[in-house]
Amino acid sequence: MKSLLRRVAVPLVAVVVGLLPGVVAVEQASALTKLTHSQATSIFRAAGITWSSSGGCSDRYNSTCTSFEQINDSTVYGVRTLKTASGCAVNITGGTEVGHASGTYSHWNGYKVDISKYTCVGNYIHNTFTRIANRGDGAAQWRSGAGNIYADEGSHWDITYYNCGGC
């Protein structure tokens, strides 16, 4: 009963005293917090997440590099959530560098990463998330409970993080 009361009463009181709009604004702002490449790699390294690039570089303006410059913090923490929840190895092969499709929720704008396809990660996505309609280019897609989208592009997973997935 106390739990139910807290779930109902606390938000209600927050609305009445005018705190909820501030909480919502903070949550929305955090989704757009941009990180440097160095900040993102520190978080990935601490979580045991690896990254690689065909060019062995991190220049955002070179399509053969893997850059995290201007990546959203919610994307970084979303990848960390995937690693922690799945218990799988995660290797990022694409970040915010040029060479990906454009759009609001794009790699360039910090919402997407590409990760290597490993059996462990694939099994986790297939068994945990909900299969949804194929993307316009035919890529099979799964939606997490948090609303993030995992698209199977054949050679890798293309993931769109709208939020950190419960970090």
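Our subject is the structure listed above.
Below is a short write-up of the structure. (Residues numbered from 1 in each chain as written. Predicted model: local features only at pLDDT ≥ 70, side-chain atom pairs only at ≥ 80, totals over all residues. Heavy atoms only, no water.)

Structural notes on the pairing of strand β9 (residues 156-160)
Side-chain positions along a regular strand alternate between the two faces of the sheet. The element β9 is extensively covered by neighbouring structure, given that five of its five residues are classed as buried. Both faces of β9 are covered, namely the face carrying His156, Asp158 and Thr160 and the face carrying Trp157 and Ile159. In the sheet, strand β5 (residues 112-116) pairs with β9 via five bridges, with the strands oriented antiparallel. Residue pairing for β9: Ser116 is matched across the bridge by His156. A loop of three residues connects strand β8 (residues 149-152) with β9, the two strands running antiparallel in sequence, and Gly154 in this loop sits at a positive phi of about 90°. (Buried < 20%, exposed > 50% of the residue type's maximum accessible area, 1.4 Å probe, protein only. Helix = DSSP H or I, 4+ residues; strand = E, 2+ residues; numbered from the N terminus. Pairing = 2+ DSSP bridges.)

What to know about the packing of aromatic side chains
Applying the stated criterion across every chain, the model contains 10 aromatic pairs. Here the aromatic rings of Tyr105 and Tyr162 are separated by 5.0 Å at their centres, their planes lie at 75°, and the arrangement is edge-to-face. Linking Tyr105 in the loop between β4 (91-94) and β5 with Tyr162 in the segment after β9, this pair joins segments that are 57 residues apart in sequence. On the basis of relative accessible area, Tyr162 is assigned to the partly exposed category, the value being 36%. Each member of the aromatic cluster is reached from another via a ring pair, and the members are Tyr124, Phe129, Tyr150 and Tyr161. In this structure, Arg60 packs its charged tip against the face of Trp108, placed 3.5 Å from the ring centre. Of note, Arg131 hangs over the ring of Trp142, and the distance from its end group to the ring centre comes to 5.0 Å. (Phe/Tyr/Trp six-rings, centres within 6.5 Å; stacked < 30°, edge-to-face > 60°. Lys NZ or Arg CZ within 6 Å of the ring centre and 35° of its normal.)

Side note on the state of the cysteines
One pass over the full model with this rule turns up two disulfides. One disulfide in the model links Cys88 with Cys120; its S-S distance is 2.0 Å. Between Cys88 and Cys120, the disulfide has an S-S torsion of -75° and is therefore left-handed. Separated by 32 residues along the polypeptide, Cys88 in the loop between α4 (73-86) and β4 and Cys120 in helix α5 (residues 119-128) bring together distant segments of the chain. Taking relative accessible area as the criterion, Cys88 reaches 2% and is therefore assigned buried. Judged by relative accessible area, Cys120 falls into the partly exposed class, the value being 37%. (Disulfide = S-S within 2.5 Å.)

Here we look at the pattern of salt bridges
The final tally for this structure, using the stated rule, is five salt bridges. Across the salt bridge formed by Asp158 and Lys112, the nearest N and O atoms sit 2.6 Å from each other. Remark: Lys112 occurs in strand β5 and Asp158 occurs in strand β9; sequence separation between them is 46 residues. Neither residue differs from the other here; Asp158 and Lys112 are each classed as buried. Linking Asp152 and Lys117 is a salt bridge whose minimum nitrogen-to-oxygen distance equals 2.8 Å. On the criterion of sequence distance, the pair formed by Asp152 in strand β8 and Lys117 in the loop between β5 and α5 is long-range, its members being 35 residues apart. Judged by its relative accessible area of 35%, Lys117 falls in the partly exposed class. (Salt bridge = Lys/Arg side-chain N within 4 Å of Asp/Glu carboxyl O.)

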